[in-house]
Amino acid sequence: MLVIAVWIVLPGRNTYGNPWMEELVDSCTTSDGTKVRLYLGSGFLTAFWYSVTTEAGLFSLERQILYVYSGPELHTLACADRQLSITAETGPIVIPESELPALRKRPRNYSSAESGAWSMIGYAISALLAAMAFAVAPPIRRLRGKGGE
């Protein structure tokens, strides 16, 4: 029971994505000894996602610092020159080591301009569907009221 209580109270390593559906792709260690890991996740019916995590020391918990959903693809990690370099299909993502502790508290959600455009299309379609639902709702309510007479 104690183990279950601790598991419920302690947060998982990810803010976004399910760590149980991820596999380790690459890892490296920064100049200050922080372990950085790149994971690829798959939700079976959803698109792939990528998680980059850090673990700062022996008693530090692993925490997500960067999250990518459905693109761009992330390939490898490199820890050198006091920075983390992530190879992505759209070009390198470079994060100075000094920013890693702040990203542990609030991970960056990275996306390319292309995926941003697709998300705007998704928002527009959602708004259109919501407007259509509101337009249809009053006639449906009137029909339900007539059935009881």
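To be clear, the structure that these remarks concern was listed above.
Residues numbered from 1 in each chain as written. Predicted model: local features only at pLDDT ≥ 70, side-chain atom pairs only at ≥ 80, totals over all residues. Heavy atoms only, no water.

1. Details of the state of the cysteines
- A complete count under the given rule lists one disulfide for this structure.
- The disulfide partner of Cys 28 is Cys 79, and the S-S distance across this bridge is 1.9 Å. Disulfide Cys 28-Cys 79: torsion about the S-S bond near 50 degrees, hence right-handed. Of this pair, Cys 28 sits in strand E1 (residues 22-29) while Cys 79 sits in strand E5 (residues 74-80); the two residues are 51 residues apart in sequence, bridging distant segments of the chain. (Disulfide = S-S within 2.5 Å. Helix = DSSP H or I, 4+ residues; strand = E, 2+ residues; numbered from the N terminus.)

2. Points about the environment of His 75
- Inspection of the secondary structure puts His 75 in strand E5.
- A relative accessible area of 35% means that His 75 is categorised as partly exposed.
- The spatial distance from the C-alpha of His 75 to the C-alpha of Ile 86 is 7.3 Å, given a sequence separation of 11 residues.
- Residues within four places of His 75 in sequence aside, it is in contact with Val 25, Leu 38, Thr 87, Ala 88 and Glu 89. (Buried < 20%, exposed > 50% of the residue type's maximum accessible area, 1.4 Å probe, protein only. Contact = heavy atoms within 4.5 Å.)

3. Points about the pattern of salt bridges
- Considering all chains together, one arrives at four salt bridges under this definition.
- A salt bridge links Arg 37 to Glu 62, with the nearest nitrogen and oxygen atoms 3.4 Å apart. Placement of the pair is Arg 37 in strand E2 (residues 35-42) and Glu 62 in the loop between strand E3 (48-55) and strand E4 (63-69), with a sequence separation of 25 residues. The two residues Arg 37 and Glu 62 agree in class, both being buried. (Salt bridge = Lys/Arg side-chain N within 4 Å of Asp/Glu carboxyl O.)

4. Considerations on the sheet that holds E5
- The three strands lie next to each other as E5-E6-E7, forming an open sheet whose pairing is antiparallel. Only two strands of the sheet have a single neighbouring strand rather than two, namely E5 and strand E7 (93-96). Across the sheet, the mean angle from the axis of one strand to that of its neighbour is 15 degrees, orientation sign disregarded.
- Here strand E6 (residues 83-88) runs beside E7; their pairing, made up of four bridges, is antiparallel. Across the sheet, the residue bridging to Leu 84 is Ile 95, located in E7. (Pairing = 2+ DSSP bridges. Axes fitted to C-alpha atoms, helices over the stretch in contact; angles between N-to-C directions.)

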